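Structure at a glance
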Amino acid sequence: MHHIPQPLPDEAVTRLKQLVRRAARHRRAAAGHMLRGACYGIGTGAVSLLTLWFQRYL
């Protein structure tokens, strides 16, 4: 037996589009948070290395 899929009602299509847009917004937000975290990590590492350098050589 073959099943012919029925087209989605307009409400379902609208809801699906909303979910896709929401997922895209969250993806962008997550990427921004990851970039911010990486920058904080690099800055913290640089300050730590400078502090160790000052303690050792000065």
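First, a word on what this report is: a plain description of the structure on this page. As the structure is a prediction and not an experimental result, all values here were calculated from the model.

**Observations regarding the overall build of the chain**
Scanning the chain for helices and strands turns up 1 helix and 0 strands. Rg of the C-alpha trace for the chain: 25 Å, well past the compact-globule value of 10 Å for 58 residues, more than 25% over. Projecting the C-alpha coordinates of the chain onto the three principal axes gives extents of approximately 80 × 25 × 5 Å. Among the 58 residues that make up the chain, the fraction classed as buried is 2%. Accessible surface for the chain amounts to roughly 6000 Å². Of this, 66% is attributable to carbon and sulfur atoms.

**So, the packing of aromatic side chains**
Summed over all chains, the structure comprises 2 aromatic pairs. Ring geometry for Trp53 against Tyr57: centres 6.0 Å apart, planes inclined by 45 degrees, an arrangement best described as tilted. With Trp53 and Tyr57 both in helix H1 (residues 10-57) and 4 residues apart, this pair spans about one turn of that helix. What makes Trp53 partly exposed here is its relative accessible area of 44%. On the basis of relative accessibility, which here comes to 56%, the residue Tyr57 falls in the exposed class. Site record: aromatic cluster; members linked through ring pairs are Trp53, Phe54 and Tyr57.

**With respect to a nonpolar patch on the surface**
Taken together, Leu50, Trp53, Phe54, Tyr57 and Leu58 make up a surface patch of nonpolar side chains, about 620 Å² in accessible area. Overall, the relative accessible area of 44% leaves Phe54 in the partly exposed class.

**Description of a positive patch on the surface**
A grouping of Lys17, Arg21, Arg22, Arg25, Arg27 and Arg28 is seen on the molecular surface, where their side chains present a positively charged patch. Along the chain, Arg21 falls in helix H1.

**A short note on the environment of Arg27**
Tracing the backbone through its elements, the reader meets Arg27 in helix H1. C-alpha of Arg27 to C-alpha of Arg15: the two residues are 12 residues apart in sequence and 18 Å apart in space.

Parameters and conventions
- Residues numbered from 1 in each chain as written.
- Predicted model: local features only at pLDDT ≥ 70, side-chain atom pairs only at ≥ 80, totals over all residues.
- Heavy atoms only, no water.
- Helix = DSSP H or I, 4+ residues; strand = E, 2+ residues; numbered from the N terminus.
- Rg over C-alpha atoms; globule rule 2.2 N^0.38 Å.
- Buried < 20%, exposed > 50% of the residue type's maximum accessible area, 1.4 Å probe, protein only.
- Areas by Shrake-Rupley, 256 points an atom, 1.4 Å probe, with all protein chains shown as cover.
- Phe/Tyr/Trp six-rings, centres within 6.5 Å; stacked < 30°, edge-to-face > 60°.
- Patch = residues over 30% accessible without salt bridge, like charges linked within 9 Å, V, L, I, M, F, W, Y side chains within 5 Å.
- Salt bridge = Lys/Arg side-chain N within 4 Å of Asp/Glu carboxyl O.
- Lys, Arg positive; Asp, Glu negative; His and termini not counted.
- Charge placed at Lys NZ, Arg CZ, Asp CG, Glu CD.

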